[in-house]
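# Chains, contacts and geometry: an overview
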Amino acid sequence: LYLTATVVTKLDTNLPENAQVTFILKDTRLVTNRYVDPLPFRRFIAYTERHPLANANAAAVLAGLLESLINRIADVIERVGADIDSTSAVVFNRQNLPGGKHRRTQRDFRKLLERIGQSGELISKARESLASLARLLAFVQQSTITMPQDVRTRLRTLSKDVFAMSDHASFLSNNLNFLLD
């Protein structure tokens, strides 16, 4: 079974990137072909070294790697959501004056635009990754390759998570556009 996904990398830098990762699942082996070393892969390897029985077969390793990737994207979406909330508070903040009058505070809109742009870039790359992972998960679930039932259950759960995260990422993207307007 050959599966290729677009994975967002370099999330902790100012220039996140999307890279291709190919998973090859054959019998008792899982091979990844990639030209990047994403943090979720390193975290998964560290986890597997501490819990070797948690990933007893190749299909379970595939599910674990996908879970790790999806959890990392969830962290990014959460971070963007928090950043949107704080940016919104700054953009729409008014100081209350006596008599019910309001005075706008001075803000550096250039820095706000940069923050909004960075958030937009992150959410865009996350959405692209989620769409790719949704296709990959659908393909795996429709495949005829033999997998333990617990792994199939994990993959179904991941599909639901990806769908929900995609909806939330779209919501955040709309909020970013509102802030830009």
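The paragraphs below set out a description of the structure included in this document.

## Focus: the pairing of strand β3 (residues 29–34)
Relative to β3, strand β2 (residues 17–26) is paired through 6 bridges, and the arrangement is antiparallel. Bridge pairing links leucine 25 to leucine 30 in β3. In this antiparallel pair of consecutive strands, β2 and β3, the connection spans 2 residues, and aspartate 27 shows a positive phi of 55 degrees.

## Focus on the pattern of salt bridges
A side chain with one charge can pair with a side chain of the opposite charge if their charged atoms come near. Applying the stated criterion across every chain, the model contains 7 salt bridges. With a closest N to O distance of 3.4 Å, lysine 10 and glutamate 17 form a salt bridge. When the shortest N-O distance is used, the salt bridge between lysine 125 and glutamate 121 registers 3.3 Å. Taken as a pair, lysine 125 and glutamate 121 lie in helix α3 (residues 109–142) at a separation of 4 residues, close to a single helical turn. Using a relative accessible area of 18% as the deciding quantity, one classes lysine 125 as buried. One network of salt bridges, in which partners are shared, links Arg34, Asp37 and Arg42.

Basis of the calculations
- Residues numbered from 1 in each chain as written.
- Predicted model: local features only at pLDDT ≥ 70, side-chain atom pairs only at ≥ 80, totals over all residues.
- Heavy atoms only, no water.
- Pairing = 2+ DSSP bridges.
- Helix = DSSP H or I, 4+ residues; strand = E, 2+ residues; numbered from the N terminus.
- Salt bridge = Lys/Arg side-chain N within 4 Å of Asp/Glu carboxyl O.
- Buried < 20%, exposed > 50% of the residue type's maximum accessible area, 1.4 Å probe, protein only.

These results come straight from atomic positions and should not be treated as a statement about function.
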